[in-house]
Amino acid sequence: MMRENYDEYKQMIDEHLLDFMPNINNMSNPLYESMKYSLTAGGKRLRPVLLLASCEFAGGDSKDALTFACAMEYIQTYSLIHDDLPAMDNDDFRRGVPTNHKIYGAGIATLAGDGLLNTAFEIMYKNMLLYFDSQLELKKRINAAYVIAKGAGVGGMIAGQVSDVESESKEPSNEMLEYIHVNKTAALIVAAVKAGLYIGGADDAMMEKMTIYAENLGLAYQVADDILDVRGNAEEMGKGTGEDEKNAKLTYVSLCGMEAAEKKLHELTENAVNAIADYYDNAEFFRDLVLKLESRTK
Ligand SMILES: CC(C)=CCC/C(C)=C/COP(=O)(O)OP(=O)(O)O
Ligand SMILES: C=C(C)CCOP(=O)(O)OP(=O)(O)O
């Protein structure tokens, strides 16, 4: 049974996110504080919410997917800490508060990111060990961990971030922009959905359709973020306003203009909705999510 709304899933994450923090000895206390600072600074929890909802959509119990959902948020938080570093976007605000390196320095912030990424895999492996006696349950979790590693990895989010960094010194193009969005943003969103579906036990048809949904949602999410950045309501996306957005980034808006970006967002939204048309009666959560994303940019 799927839950009614986004906030119910988000609450599960917010309540349990710190439960998975490892015990760190006193010598590395600044590391713990710095990891905790960014985990509890807010955030929409989109990726873990998608993971839990996808698990239930496939007929599973979201409680069984909680570890993986929290691991996903650890990875998301690591990526934002590193993205904000002086060597990358050099941002001062994130999730409405000073960025991690502004509080703890670039060294600890880098290590907090490393720590979160590593912890994500530590807790997924620990969870898998609980299912050692059931080949079926273990396989679901190995598949989930594999898609997460792949989506976050050097052929996914990291590849996208490399191109994003490099794009600042390259001739802008549609191909480059598409590559950045597919990898930097959509890859982790697709991974969240697929991981949830694996744990929930989805069949191949559902996996295929939901993957198309998630690819379009992922691209739509980045285009919407870029539209909101320009419109000055970055606050709504949990960021600071204005000053920290100082890099002239390659975005759909900067490359093609606002009107084209809005059209693209609409197309991606339609694609996402159409991908799950077969599940009309019980895909309301996923339909609403992508439709709300588009309407928030208006
Ligand atoms: C491996 C790493 C560090 C990946 C970072 C991935 C990512 C999605 C960064 C934020 O993108 P953005 O710069 O477009 O978003 P924002 O405007 O929130 O900074
Ligand atoms: C892909 C983008 C736009 C990076 C920020 O992601 P979110 O907007 O989901 O950030 P949080 O809610 O997790 O802070």
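As recorded by an unreviewed UniProt entry, the protein carries the name Farnesyl diphosphate synthase and is attributed to Aminicella lysinilytica. The UniProt entry for the protein carries this comment under Cofactor (unreviewed entry): "Mg(2+)". Quoted verbatim from the Catalytic activity (unreviewed entry) heading of the UniProt record, the comment on the protein is "isopentenyl diphosphate + (2E)-geranyl diphosphate = (2E,6E)-farnesyl diphosphate + diphosphate".

So, on to the overall build of the protein. Of the regular secondary structure elements, the protein holds 12 helices and 2 strands. Along the protein, helices and strands appear, N-terminal first, in the series α-α-α-α-β-β-α-α-α-α-α-α-α-α. Computed over C-alpha atoms, the radius of gyration of the protein comes to 19 Å, within 12% of the 19 Å expected from 2.2 N^0.38 for 298 residues, which places it in the range of a compact globule. Over its C-alpha atoms, taken along the principal directions, the protein stretches across nearly 55 × 50 × 30 Å. Put simply, the protein has 298 residues, and 52% of those count as buried. Long-range contacts, defined as pairs at least 24 residues apart, comprise 74% of the intrachain contacts of the protein with a sequence gap of at least 6. Accessible surface computed for the protein: about 13900 Å², of which carbon and sulfur atoms make up 52%. Here the protein contributes 29 positive and 47 negative side-chain charges, whose respective centroids are spaced 2 Å apart.

Time to look at helix 1 (residues 6-16). The α-helix advances 3.6 residues per turn, and as a result positions three or four apart in sequence lie on the same side. Within helix 1 the residues assigned to the buried category are Tyr6, Tyr9, Met12 and Ile13. The arc that holds the buried residues of helix 1, viewed along the axis, is 130°, so those residues lie on one side. Facing away from the buried surface of helix 1 by more than 90 degrees, the exposed residues are Asp7 and Glu15. The elements touched by buried residues of helix 1 are helix 3 (46-57), helix 4 (66-84) and helix 12 (284-296).

Together, Val154, Ile158 and Val162 line one region of the surface with nonpolar side chains, adding up to about 270 Å² of accessible area. Tracing the backbone shows valine 162 in helix 7 (residues 157-167).

Moving on to the packing of helix 7 against helix 8 (residues 174-200). Between helix 7 and helix 8, whose axes approach to 7 Å, the crossing angle comes to 140°. Viewed along their axes, helix 7 and helix 8 adopt a mutual orientation that is oblique. The crossing of helix 7 and helix 8 is left-handed. Every residue of helix 8 that contacts helix 7 at Met157, Ala159, Gly160, Gln161, Ser163, Asp164 and Ser167 is listed here: Met176, Tyr179, Ile180, Asn183, Lys184, Ala187 and Leu188. Looking at the contact of helix 7 with helix 8 residue by residue, the class counts come to 7 nonpolar, 5 polar and 2 charged.

Before going further, it helps to examine the site of ligand 2. In the vicinity of ligand 2, the residues found are Gly43, Lys44, Arg47, Gln76, Leu80, Arg95, Thr185, Tyr221, Gln222 and Asp225. Here an oxygen atom of ligand 2 sits 2.8 Å away from a polar atom, N or O, in the side chain of tyrosine 221. Protein chains shield 92% of the accessible area of ligand 2, which is 390 Å² for the free molecule. For the shell around ligand 2, the elements supplying multiple residues, two or more each, are helix 4 and helix 9 (204-231). Sorting elements by how many residues they give to the shell around ligand 2 places helix 9 first, with 3 residues. Classifying every residue of the shell around ligand 2 gives 2 nonpolar, 4 polar and 4 charged.

Mapped onto the fold, alanine 149 is located in helix 6 (residues 135-152). Using a relative accessible area of 34% as the deciding quantity, one classes alanine 149 as partly exposed.

Bringing the environment of serine 163 into the picture now. Looking at where serine 163 falls in the secondary structure, it is placed in helix 7. Linking serine 163 and tyrosine 179, residues 16 residues apart in sequence, is a C-alpha distance of 7.9 Å. Setting aside chain neighbours within four positions, we find serine 163 in contact with Tyr179 and Ile180.

So, how was this worked out
Residues numbered from 1 in each chain as written. Chains lettered and ligands numbered in written order. Predicted model: local features only at pLDDT ≥ 70, side-chain atom pairs only at ≥ 80, totals over all residues. Heavy atoms only, no water. UniProt positions renumbered as here; feature names shortened; annotations may be inferred. Helix = DSSP H or I, 4+ residues; strand = E, 2+ residues; numbered from the N terminus. Rg over C-alpha atoms; globule rule 2.2 N^0.38 Å. Buried < 20%, exposed > 50% of the residue type's maximum accessible area, 1.4 Å probe, protein only. Contact = heavy atoms within 4.5 Å. Areas by Shrake-Rupley, 256 points an atom, 1.4 Å probe, with all protein chains shown as cover. Lys, Arg positive; Asp, Glu negative; His and termini not counted. Charge placed at Lys NZ, Arg CZ, Asp CG, Glu CD. Arc of directions from axis to C-beta. Patch = residues over 30% accessible without salt bridge, like charges linked within 9 Å, V, L, I, M, F, W, Y side chains within 5 Å. Salt bridge = Lys/Arg side-chain N within 4 Å of Asp/Glu carboxyl O. Axes fitted to C-alpha atoms, helices over the stretch in contact; angles between N-to-C directions. Parallel < 35°, antiparallel > 145°, perpendicular 65-115°, else oblique. Left-handed = near helix turned anticlockwise from the far one by under 90°. Nonpolar A, V, L, I, M, F, W, Y, C, P; charged D, E, K, R; others polar. Near = heavy atom within 4 Å. Polar contact = N/O pair within 3.5 Å; in protein donor to acceptor, adjacent residues only side chain to side chain.

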